[in-house]
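# Architecture and fold: a report
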Amino acid sequence: MALYALGDLHLSFQSDKSMDKFGRVWKHHEQKIEKYVHKMVHPEDTLVLTGDHSWGRKLSECEEDLAFIEALPGQKILLRGNHDMFWSANKTGRLNELFAGKMFFLQNNFASYQDYALVGTKGYTFEGPFYLNHRGQIIGWDEAKEEHAKKLVAREMDRLRESFRQASDAGYRKFIMFLHYPPTSILEETSPFTEIAEEYGVETVVYSHCHGEPRFGDSIRGVYRGVNYMLVSGDYLHFRPALVLE
Ligand SMILES: [Fe+2]
Ligand SMILES: [Fe+2]
(Lines give C-alpha, C1' and ligand atoms only; values in the text may rest on other atoms or scores of the structure.)
(Ligands and ions follow the chains in the order given, each with its own letter.)
Protein backbone atom coordinates (compact mmCIF):
# COMPACT_ATOMS: atom_id res chain seq x y z
CA MET A 1 0.00 0.00 0.00
CA ALA A 2 1.44 3.39 -0.97
CA LEU A 3 0.48 7.04 -1.39
CA TYR A 4 1.60 8.74 -4.59
CA ALA A 5 1.18 12.27 -5.97
CA LEU A 6 1.43 13.83 -9.40
CA GLY A 7 0.29 17.25 -10.58
CA ASP A 8 -0.56 19.19 -13.69
CA LEU A 9 -1.67 16.51 -16.10
CA HIS A 10 -3.02 19.25 -18.43
CA LEU A 11 -5.03 16.75 -20.46
CA SER A 12 -6.75 17.81 -23.67
CA PHE A 13 -8.45 14.78 -25.21
CA GLN A 14 -11.40 16.96 -26.21
CA SER A 15 -9.51 20.04 -27.38
CA ASP A 16 -6.58 20.95 -29.61
CA LYS A 17 -4.78 22.65 -26.73
CA SER A 18 -1.35 21.05 -26.89
CA MET A 19 1.40 21.36 -24.30
CA ASP A 20 4.06 20.41 -26.89
CA LYS A 21 5.27 24.01 -27.28
CA PHE A 22 6.48 23.96 -23.65
CA GLY A 23 9.30 21.54 -24.45
CA ARG A 24 10.15 17.95 -25.27
CA VAL A 25 9.04 16.67 -21.88
CA TRP A 26 5.42 17.47 -22.86
CA LYS A 27 5.50 15.47 -26.11
CA HIS A 28 2.82 12.76 -25.82
CA HIS A 29 2.84 13.39 -22.10
CA GLU A 30 -0.50 11.61 -21.66
CA GLN A 31 1.18 8.40 -22.85
CA LYS A 32 3.94 8.88 -20.26
CA ILE A 33 1.35 9.43 -17.51
CA GLU A 34 -0.48 6.25 -18.51
CA LYS A 35 2.74 4.24 -18.72
CA TYR A 36 4.33 5.37 -15.43
CA VAL A 37 1.16 5.39 -13.35
CA HIS A 38 0.34 1.85 -14.47
CA LYS A 39 3.90 0.77 -13.75
CA MET A 40 4.13 2.30 -10.27
CA VAL A 41 0.63 2.57 -8.79
CA HIS A 42 -1.24 -0.58 -7.75
CA PRO A 43 -5.00 -0.91 -7.27
CA GLU A 44 -4.66 -0.81 -3.45
CA ASP A 45 -2.62 2.45 -3.61
CA THR A 46 -3.82 6.06 -3.44
CA LEU A 47 -2.89 8.64 -6.08
CA VAL A 48 -3.40 12.35 -5.38
CA LEU A 49 -3.52 14.49 -8.53
CA THR A 50 -2.69 18.05 -7.49
CA GLY A 51 -4.69 20.06 -10.04
CA ASP A 52 -4.66 21.43 -13.59
CA HIS A 53 -6.23 18.20 -14.79
CA SER A 54 -7.95 19.35 -17.95
CA TRP A 55 -8.08 22.17 -20.47
CA GLY A 56 -11.86 21.76 -20.83
CA ARG A 57 -13.78 24.84 -19.74
CA LYS A 58 -16.87 22.98 -18.56
CA LEU A 59 -17.61 19.47 -17.40
CA SER A 60 -18.89 18.31 -20.80
CA GLU A 61 -15.52 19.34 -22.29
CA CYS A 62 -13.61 17.31 -19.67
CA GLU A 63 -15.39 13.98 -19.92
CA GLU A 64 -12.62 12.18 -21.78
CA ASP A 65 -9.92 13.68 -19.58
CA LEU A 66 -11.75 12.62 -16.42
CA ALA A 67 -12.40 9.16 -17.91
CA PHE A 68 -8.65 8.87 -18.52
CA ILE A 69 -7.99 9.73 -14.85
CA GLU A 70 -10.73 7.37 -13.68
CA ALA A 71 -9.12 4.51 -15.61
CA LEU A 72 -5.75 4.98 -13.86
CA PRO A 73 -5.03 2.44 -11.10
CA GLY A 74 -5.53 3.22 -7.40
CA GLN A 75 -7.86 5.48 -5.46
CA LYS A 76 -7.81 8.86 -7.18
CA ILE A 77 -8.03 12.08 -5.17
CA LEU A 78 -8.20 15.34 -7.14
CA LEU A 79 -7.22 18.82 -6.04
CA ARG A 80 -8.42 21.96 -7.82
CA GLY A 81 -5.89 23.76 -10.05
CA ASN A 82 -6.10 27.28 -11.48
CA HIS A 83 -6.94 25.85 -14.93
CA ASP A 84 -9.72 23.54 -13.74
CA MET A 85 -12.62 25.64 -15.03
CA PHE A 86 -15.00 22.66 -14.83
CA TRP A 87 -14.69 22.77 -11.03
CA SER A 88 -16.01 26.02 -9.61
CA ALA A 89 -15.45 26.40 -5.89
CA ASN A 90 -19.06 25.67 -4.93
CA LYS A 91 -19.32 22.56 -7.11
CA THR A 92 -17.19 20.17 -5.05
CA GLY A 93 -20.17 18.45 -3.40
CA ARG A 94 -21.86 17.94 -6.76
CA LEU A 95 -18.69 16.49 -8.31
CA ASN A 96 -18.33 14.10 -5.37
CA GLU A 97 -21.90 12.90 -5.94
CA LEU A 98 -21.38 12.50 -9.69
CA PHE A 99 -18.09 10.59 -9.35
CA ALA A 100 -18.82 8.73 -6.10
CA GLY A 101 -16.77 5.53 -5.91
CA LYS A 102 -14.66 6.61 -8.89
CA MET A 103 -12.64 9.60 -7.66
CA PHE A 104 -12.72 12.06 -4.79
CA PHE A 105 -12.58 15.87 -5.11
CA LEU A 106 -10.64 17.41 -2.22
CA GLN A 107 -11.83 20.85 -1.09
CA ASN A 108 -13.58 21.86 2.14
CA ASN A 109 -13.32 18.19 3.14
CA PHE A 110 -10.58 15.62 3.70
CA ALA A 111 -9.64 12.10 2.69
CA SER A 112 -7.73 9.47 4.61
CA TYR A 113 -4.80 7.20 3.99
CA GLN A 114 -4.03 4.67 6.74
CA ASP A 115 -3.96 6.79 9.92
CA TYR A 116 -3.23 10.02 8.02
CA ALA A 117 -5.69 12.71 7.03
CA LEU A 118 -5.11 14.06 3.54
CA VAL A 119 -6.07 17.72 3.72
CA GLY A 120 -5.79 20.33 1.00
CA THR A 121 -6.97 23.16 -1.17
CA LYS A 122 -5.91 24.96 -4.32
CA GLY A 123 -3.88 27.57 -2.44
CA TYR A 124 -2.62 30.77 -3.99
CA THR A 125 0.70 32.50 -4.48
CA PHE A 126 1.61 36.00 -5.68
CA GLU A 127 3.31 35.53 -9.05
CA GLY A 128 4.10 39.10 -10.02
CA PRO A 129 4.62 40.92 -12.25
CA PHE A 130 8.03 41.55 -10.74
CA TYR A 131 10.26 44.40 -11.94
CA LEU A 132 13.92 43.54 -12.53
CA ASN A 133 17.07 45.59 -12.92
CA HIS A 134 19.61 44.97 -15.69
CA ARG A 135 21.24 42.25 -13.57
CA GLY A 136 17.92 40.40 -13.28
CA GLN A 137 17.48 41.24 -9.60
CA ILE A 138 13.98 42.02 -8.32
CA ILE A 139 13.64 45.73 -7.53
CA GLY A 140 9.85 45.92 -7.22
CA TRP A 141 6.51 44.37 -8.10
CA ASP A 142 2.90 45.20 -8.87
CA GLU A 143 1.62 46.13 -5.43
CA ALA A 144 -2.07 46.23 -6.40
CA LYS A 145 -1.80 42.65 -7.65
CA GLU A 146 0.03 41.71 -4.45
CA GLU A 147 -2.87 43.13 -2.37
CA HIS A 148 -5.36 41.15 -4.44
CA ALA A 149 -3.24 38.02 -3.97
CA LYS A 150 -3.48 38.44 -0.18
CA LYS A 151 -7.29 38.24 -0.43
CA LEU A 152 -7.09 35.04 -2.48
CA VAL A 153 -4.63 33.56 0.00
CA ALA A 154 -7.02 34.40 2.87
CA ARG A 155 -9.93 32.70 1.07
CA GLU A 156 -7.88 29.60 0.39
CA MET A 157 -6.70 29.55 4.00
CA ASP A 158 -10.36 29.44 5.13
CA ARG A 159 -10.89 26.38 2.95
CA LEU A 160 -7.69 24.76 4.21
CA ARG A 161 -8.61 25.44 7.85
CA GLU A 162 -11.99 23.81 7.24
CA SER A 163 -10.23 20.74 5.83
CA PHE A 164 -7.97 20.53 8.93
CA ARG A 165 -10.93 21.14 11.26
CA GLN A 166 -12.97 18.29 9.80
CA ALA A 167 -9.99 15.92 9.92
CA SER A 168 -9.16 16.90 13.53
CA ASP A 169 -12.80 16.51 14.60
CA ALA A 170 -12.76 13.04 13.08
CA GLY A 171 -9.81 12.22 15.36
CA TYR A 172 -6.90 12.46 12.93
CA ARG A 173 -3.58 13.66 14.34
CA LYS A 174 -1.29 12.89 11.39
CA PHE A 175 -1.56 15.03 8.28
CA ILE A 176 -0.33 15.24 4.71
CA MET A 177 -1.23 18.61 3.15
CA PHE A 178 -1.85 19.18 -0.56
CA LEU A 179 -1.82 22.45 -2.50
CA HIS A 180 -1.93 23.21 -6.20
CA TYR A 181 0.03 26.46 -5.90
CA PRO A 182 3.45 26.50 -4.22
CA PRO A 183 3.25 27.31 -0.49
CA THR A 184 5.43 30.43 -0.76
CA SER A 185 6.02 33.09 -3.42
CA ILE A 186 9.53 33.89 -4.64
CA LEU A 187 9.54 36.82 -2.15
CA GLU A 188 8.60 34.74 0.90
CA GLU A 189 10.37 32.35 3.25
CA THR A 190 7.17 31.53 5.12
CA SER A 191 3.46 32.07 4.43
CA PRO A 192 0.08 31.30 6.03
CA PHE A 193 0.35 27.89 4.31
CA THR A 194 3.72 27.01 5.86
CA GLU A 195 2.50 28.34 9.23
CA ILE A 196 -0.59 26.13 9.29
CA ALA A 197 1.54 23.14 8.23
CA GLU A 198 3.82 23.77 11.22
CA GLU A 199 0.85 24.39 13.55
CA TYR A 200 -0.68 20.99 12.75
CA GLY A 201 2.65 19.13 12.62
CA VAL A 202 2.11 18.22 8.96
CA GLU A 203 4.70 15.67 7.84
CA THR A 204 4.68 16.54 4.15
CA VAL A 205 3.32 19.40 2.04
CA VAL A 206 2.82 18.40 -1.60
CA TYR A 207 2.35 21.01 -4.35
CA SER A 208 2.74 21.51 -8.10
CA HIS A 209 1.83 24.33 -10.57
CA CYS A 210 5.48 25.30 -11.27
CA HIS A 211 6.41 24.38 -14.83
CA GLY A 212 9.74 24.54 -16.63
CA GLU A 213 13.27 24.46 -15.21
CA PRO A 214 13.40 28.18 -14.21
CA ARG A 215 10.26 27.82 -12.05
CA PHE A 216 11.08 24.55 -10.24
CA GLY A 217 12.96 26.39 -7.49
CA ASP A 218 10.26 29.05 -6.89
CA SER A 219 9.27 27.62 -3.50
CA ILE A 220 10.50 25.24 -0.81
CA ARG A 221 11.75 21.76 -1.65
CA GLY A 222 12.97 19.37 1.06
CA VAL A 223 12.76 19.71 4.84
CA TYR A 224 12.20 23.24 6.16
CA ARG A 225 11.34 24.00 9.81
CA GLY A 226 10.41 20.37 10.41
CA VAL A 227 8.08 19.97 7.40
CA ASN A 228 8.96 18.08 4.22
CA TYR A 229 8.01 19.93 0.99
CA MET A 230 7.60 18.06 -2.29
CA LEU A 231 7.14 19.54 -5.76
CA VAL A 232 5.19 17.09 -7.93
CA SER A 233 4.55 19.02 -11.18
CA GLY A 234 4.26 16.50 -14.00
CA ASP A 235 7.07 17.96 -16.08
CA TYR A 236 9.37 18.21 -13.00
CA LEU A 237 8.86 14.48 -12.40
CA HIS A 238 8.88 13.57 -16.11
CA PHE A 239 5.36 12.30 -15.33
CA ARG A 240 6.46 9.64 -12.85
CA PRO A 241 4.27 9.81 -9.73
CA ALA A 242 6.19 10.71 -6.56
CA LEU A 243 6.03 8.38 -3.57
CA VAL A 244 4.72 10.34 -0.56
CA LEU A 245 4.16 7.53 1.95
CA GLU A 246 4.50 3.76 2.03
FE1 LIG B 1 -0.22 23.66 -14.50
FE1 LIG C 1 -1.46 25.68 -12.19
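Computed from a predicted model, the values in this text were never measured in an experiment. (Residues numbered from 1 in each chain as written. Chains lettered and ligands numbered in written order. Predicted model: local features only at pLDDT ≥ 70, side-chain atom pairs only at ≥ 80, totals over all residues.)

### A closer look at the pairing of strand β1 (residues 3-6)
Here is the rule: As a rule, residues whose C-beta atom has 12 or fewer other C-beta atoms within 10 Å are exposed, those with 20 or more are buried, and those in between are partly exposed; C-beta atoms are placed from the backbone. Going along the chain from the N terminus, every DSSP run of H or I of four or more residues is numbered as a helix, and every run of E of two or more is numbered as a strand. A clockwise course of the path from the first strand over the helix to the second, judged with the strands pointing away from the viewer, identifies a crossover as right-handed. For two strands to pair, DSSP has to find at least two bridges joining them.
Side-chain alternation along β1 places Leu3 and Ala5 on one buried face and Tyr4 and Leu6 on a second face that is also buried. Handedness of the β-α-β unit built from β1, helix α1 (residues 29-40) and strand β2 (residues 46-49) comes out right-handed. When β1 meets strand β13 (residues 242-245), the two strands line up antiparallel, connected through three bridges. When the bridges of β13 are listed, Tyr4 appears paired with Leu243.

### Some details on the UniProt feature "domain: Calcineurin-like phosphoesterase" (unreviewed entry) in the protein
Put simply, the rule reads: UniProt positions are given in the numbering used here, feature names are shortened, and annotations may be inferred rather than shown by experiment.
UniProt marks residues 3-211 with the feature "domain: Calcineurin-like phosphoesterase" (unreviewed entry), using the numbering shown here. As a span, residues 3-211 carries 30% helix and 21% strand, and end to end its C-alpha atoms are 23 Å apart.

### Considerations on the sheet that holds strand β3 (residues 75-79)
For sheets, the rule is that strands pair by backbone hydrogen bonds, running either parallel or antiparallel. How we decide: Simply put, an axis is a line fit to the C-alpha atoms, just over the touching stretch for a helix, and the angle between two N-to-C directions goes from 0 to 180 degrees.
The strand order across the open sheet built from five strands is β4-β3-β2-β1-β13, with neighbouring strands paired in mixed fashion. Every interior strand has two partners, whereas the edge strands, β4 (103-106) and β13, have only one. Here the average twist between neighbouring strands, direction ignored, is 30°. When β1 meets β2, the two strands line up parallel, connected through four bridges. Residue pairing in the sheet places Leu6 in a bridge with Leu49 of β2.

### Comments concerning α1
To keep it simple, the criterion reads: Given the number of residues in a helix, its expected span is that number minus one, multiplied by 1.5 Å. This arc corresponds to the set of directions leading from the helix axis out to the C-beta atoms. Contact criterion: two residues are in contact if their C-beta atoms, reconstructed from the backbone, are within 7 Å.
Counted at 1.5 Å a residue, the expected span for α1 with its twelve residues is 16 Å, and the 16 Å between its end C-alpha atoms agrees. Inspection of α1 places His29, Ile33 and Val37 among the buried residues, and these make up the whole buried set. Projected onto a plane normal to the axis of α1, the buried residues spread over an arc of 65° and lie on a single side. Every exposed residue of α1 that faces more than 90 degrees away from the buried side is listed here: Gln31, His38 and Lys39. Close packing links the buried residues of α1 with β2.

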